[in-house]
Amino acid sequence: MYTSSWCATFALPLLLLPALVPALPVPGPSAAPALRSRKNGVVLPFIKHSRRLEVARRDAGSDDGDVLGGTVGLGDSADLFYTVAVTVGNSTTAVNLDTGSSDLWVMSTSCKTRQCKQSTNQAYDVSKSFRASGNTVNLQYGDSTTGTHASGPVGRDTVTLAAIAMQNQTLAAVDDTNNSAVSNGGAGILGLGFPAQSFVQAAAINADFRNARGTDTFVEQIPNYGPLVPRMVMSDAIDDPIFAITLQRNTIDVSGEGQITIGQLPEGVDNSSITWVPVRLYDPADGGLDAPSFAPNEKYPLRWEVDIDAVYLDGQKLPDSTQQPSGVKKPSVSALIDTGNSLVRGPSDVVDNILSTVSPAYAANANSKPTLPCDAGHNLTFQIGGKMFPIDPRDFVAQGSAGDASTCIASNVVATDPPSVGALFSWNLGDPFMKSNLVVFYYGNLTHPSVDPPRIGFVSLVPQNADALLDDAVEDAQNAGGNFESKVDAAPTVSSLIIEGASTSAAASQTTSKVAAPVTSTRASASSTPSSTSGSAAAPSDSAAPSGALRLSGAWSPLLLLLPTTLALLLSPLCIL
């Protein structure tokens with residue numbers, strides 16, 4: 001689905017128009033990032049930001065040392081859906097961890113859809129601490145074959161993630177959704193993307209600033225209206241503008257540890273082991289954010305997207321895709337790094353090449369399932385920043401049918417839509433890639449990206465003996481009735497603050513919730529349906545889109561900012577919010 005409502009595309013963006021308000025100061029230029037020593041001797045190539053707001057931090061059980069960040073474990077529903085515990089007001093629940101979108105939403109007690117009724121998680125009671133803005137959003141997720149929606153009022157509450165609390169955080173209390181985020185061990189989505197993709201922020205600004213100055217107001221108000229982790233960055237609640245993610249493996253060969261660390265590198269990770277690559281910056285013509293008047297030459301990131309040098313299968317470079325983009329000039333080959341996507345998605349012709357190579361059945365008939373021997377051990381590798389980052393062979397295959405651990409299916413690699421306005425990537429590297437790599441996301445300077453550009457760091461976690469481990473897992477499954485092990489973990493509710501000067505992370509207060517209890521390890525009875533809670537984007541139907549079209553939305557023309565505010569006010573009654 002590539003559509004958004006007429007209201008979102010044309011009317012409400014007109015409310016973000018010129019008015020006389022102060023502009024942000026422009027930071028001084030920097031020729032290169034400065035090197036700084038951080039906790040435990042880790043050196044980060046980051047520029048220290050001058051931030052303006054102070055926020056209350058959770059008590060870590062110690063009055064000594066500054067808070068540098070926080071960390072919390074992740075839930076995992078059989079590798080289809082990864083969750084993290086958040087506290088909204090006084091309610092703690094699990095939400096899908098999603099680097100492919102930017103907004104936080106939770107299922108409210110008002111949601112009566114089939115998916116909401118199936119949820120085992122605690123719904124958010126808007127009658128308690130939620131402060132409604134008077135505006136709503138209708139978020140669209142997925143690509144053209146996996147689209148879902150989530151809609152509801154936008155408001156504010158105190159939100160706590162990884163023991164770090166942010167007061168007056170904007171979010172959506174969703175009362176209508178068909179998204180699997182509320183039926184696969186979660187009760188919403190935590191978007192970790194950039195403000196330029198935040199439609200909750202745009203809706204809240206539209207509600208409070210009837211004479212907003214287009215992108216000037218939008219960028220200026222990131223500290224007050226922005227997504228959760230960017231607000232932590234801008235308010236100095238964390239030491240560095242980063243978060244890092246590792247995902248556990250709960251199918252085929254249960255292993256690894258899922259965790260998100262905010263504000264610091266994870267314990268024991270050395271910066272010298274990380275391959276850093278720049279995040280794509282979007283021109284307005286390609287769907288990016290218009291530069292504000294106080295930074296007219298800036299280009300802003302839209303999503304966690306990086307260039308790919310090449311793609312290899314079993315050591316052989318795959319031919320480049322000939323798939324044509326939709327509505328844009330052919331961009332460089334890039335990938336969205338997306339924890340909200342349970343698969344690896346790529347150009348249809350390249351994916352067809354991969355599946356035909358690994359599966360004789362698929363090569364003979366493209367309508368057949370891409371079956372292959374479970375112990376084949378194929379190696380799909382992405383070259384990024386000049387280095388190779390393979391997908392572990394244990395994450396390339398999935399069980400095809402119950403009781404059969406000899407013939408598997410290559411269902412973790414599928415085709416997706418071609419590049420388009422606001423979505424220039426050809427590949428969406430979801431959870432199979434994330435299970436194989438530690439990924440560090442660095443926001444940089446959110447108002448002036450040229451001063452400190454955003455980037456992503458990668459560390460391969462694939463062991464040298466990965467093929468042998470796959471063989472062992474196949475043998476274990478064959479000895480267990482032909483079923484591979486499958487496991488479900490609930491999102492842990494215990495977080496830890498990272499305290500400067502502390503030898504270990506200080507324990508933060510426990511929270512209680514109705515997060516689903518962990519399910520003991522079981523054997524898979526059949527292949528599972530891949531999740532696509534985030535796919536690649538979210539688009540509003542009733543708030544001003546701060547940037548161009550995303551994976552599911554039509555283009556938001558920057559020229560609309562030139563139209564009079566009076567026109568917007570004449571058109572806005574036609575929109576049902």
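Residues numbered from 1 in each chain as written. Predicted model: local features only at pLDDT ≥ 70, side-chain atom pairs only at ≥ 80, totals over all residues. Heavy atoms only, no water.

With that settled, consider the sheet that holds strand 24 (residues 380–384). With respect to topology, 4 strands assemble into an open sheet ordered 20-19-24-25, the strand pairing being antiparallel. Two strands in the sheet have a free side with no partner beyond their single neighbour: strand 20 (316–317) and strand 25 (387–391). Alignment of strand 19 (residues 310–313) against strand 24, held across 4 bridges, turns out to be antiparallel. From the neighbouring strand, alanine 310 faces strand 24, where its bridge partner is glutamine 383. (Pairing = 2+ DSSP bridges. Helix = DSSP H or I, 4+ residues; strand = E, 2+ residues; numbered from the N terminus.)

With that settled, consider the sheet that holds strand 18 (residues 305–307). Strands sit in the order 18-21-29-22-28 across an open sheet of 5 strands; the sheet is mixed. The sheet is open, and its two borders are formed by strand 18 and strand 28 (413–415), each paired with just one other strand. Taking the axes of each pair of neighbouring strands and ignoring which way they run, one obtains an average angle of 25 degrees across the sheet. Here 3 bridges tie strand 18 to strand 21 (residues 334–337), and the two strands are oriented antiparallel to one another. If you follow valine 306 over to strand 21, its bridge partner there is alanine 335. (Axes fitted to C-alpha atoms, helices over the stretch in contact; angles between N-to-C directions.)

This brings us to the state of the cysteines. Following the criterion strictly, the structure yields 2 disulfides and no others. Between cysteine 111 and cysteine 116 runs a disulfide, and the two sulfur atoms are separated by 2.1 Å. The sign of the 75 degrees torsion about the S-S bond sets the cysteine 111-cysteine 116 disulfide as right-handed. Each member of the pair, cysteine 111 as well as cysteine 116, is classed as buried. Disulfide partner of cysteine 374: cysteine 408, at an S-S distance of 2.0 Å. Its torsion about the S-S bond being 100 degrees, the disulfide of cysteine 374 and cysteine 408 is classed as right-handed. Here cysteine 374 is found in the loop between strand 23 (371–373) and strand 24, whereas its partner cysteine 408 is found in strand 27 (residues 407–409), with 34 residues between them in sequence. Under the relative-accessibility criterion, cysteine 374 is labelled buried at 1%. Each bonded cysteine of the protein chain gets a number by its place in the sequence, and the pairs then read 1-2, 3-4. (Disulfide = S-S within 2.5 Å. Buried < 20%, exposed > 50% of the residue type's maximum accessible area, 1.4 Å probe, protein only.)

Direction of pairing for strand 3 (residues 67–73) relative to strand 14 (residues 259–262): antiparallel, over a ladder of 4 bridges. Pairing of threonine 71 across the sheet is with threonine 261, part of strand 14. Inspection of the sheet shows strand 13 (residues 242–246) paired to strand 14 by 4 bridges, in the antiparallel sense. The partner of phenylalanine 243 across the bridge, within strand 14, is isoleucine 262.

Let us now look at the pairing of strand 10 (residues 164–174). Regular strands place their side chains on alternate faces of the sheet. In terms of burial, strand 10 is largely enclosed, as 9 of its 11 residues are buried. As judged from the 3 bridges shared by strand 7 (residues 104–107) and strand 10, these two strands associate in the parallel manner. Looking at strand 10, one finds that tryptophan 105 is bridged to alanine 172. Bridge analysis of strand 9 (residues 148–161) against strand 10 gives 7 bridges, and the strand direction is antiparallel. When the bridges of strand 10 are listed, valine 159 appears paired with methionine 166. As consecutive antiparallel partners, strand 9 and strand 10 are separated by 2 residues, and within that stretch alanine 162 has a phi angle of approximately 55 degrees, a positive value.

Our focus in this paragraph is the environment of proline 373. Locating proline 373 in the fold gives a position in strand 23. On the accessibility criterion, proline 373 (44% relative accessible area) is partly exposed. Residues proline 373 and valine 474, spaced 101 residues apart in sequence, show a C-alpha to C-alpha distance of 9.9 Å. Each residue touching proline 373, except ones within four places of it in the same chain, is listed here: Ser406 and Cys408. (Contact = heavy atoms within 4.5 Å.)

Within this structure, the stated rule accounts for 13 salt bridges. Taking the shortest distance from any N to any O, the salt bridge between arginine 394 and aspartate 253 comes out at 2.7 Å. Within this pair, whereas arginine 394 is found in the loop between strand 25 and strand 26 (398–399), its partner aspartate 253 is found in the loop between strand 13 and strand 14, the two being separated by 141 residues in sequence. Of the charged contacts, one joins arginine 280 and aspartate 307 as a salt bridge, the two residues approaching to 3.8 Å between their closest N and O atoms. Here arginine 280, found in the loop between strand 15 (275–278) and strand 16 (281–282), pairs with aspartate 307, found in strand 18; they are 27 residues apart in sequence, far enough to count as distant. The buried category is assigned to arginine 280, whose relative accessible area is 14%. A network of salt bridges, in which partner residues are shared, links Asp79, Arg249, Asp253, Asp392, Arg394, Asp395 and Lys435. (Salt bridge = Lys/Arg side-chain N within 4 Å of Asp/Glu carboxyl O.)

Each aromatic ring pair is specified by the distance between its two centres and by the angle formed by the two planes. The tally for this structure, following the rule as stated, stands at 13 aromatic pairs. Look at phenylalanine 194 and tryptophan 304: their rings are 4.2 Å apart centre to centre, the planes differ by 40 degrees, and that puts the pair in the tilted class. In this pair, phenylalanine 194 is assigned in the loop between strand 12 (188–191) and helix 3 (199–208) and tryptophan 304 in the loop between strand 17 (300–301) and strand 18, connecting sequence segments 110 residues apart. Across this residue pair, the class does not change: phenylalanine 194 and tryptophan 304 are buried. Three or more aromatic residues joined by ring pairs make a cluster, and in this case those are Phe194, Phe243, Trp304, Phe441 and Tyr443. Over the face of the ring belonging to tyrosine 225 we find arginine 156, whose NZ or CZ atom lies 4.3 Å from the ring centre. (Phe/Tyr/Trp six-rings, centres within 6.5 Å; stacked < 30°, edge-to-face > 60°. Lys NZ or Arg CZ within 6 Å of the ring centre and 35° of its normal.)

Confidence along the protein chain averages 80 in pLDDT terms, with 75% of residues attaining 70 or more. Here residues 1–63 is a poorly scored stretch, pLDDT under 50, and it has 207 contacts once near neighbours within four places are set aside; other chains count. With pLDDT under 50 throughout, residues 503–577 is counted as low confidence; its partners more than four residues away or in other chains account for 272 contacts. (pLDDT = per-residue confidence, 0-100.)

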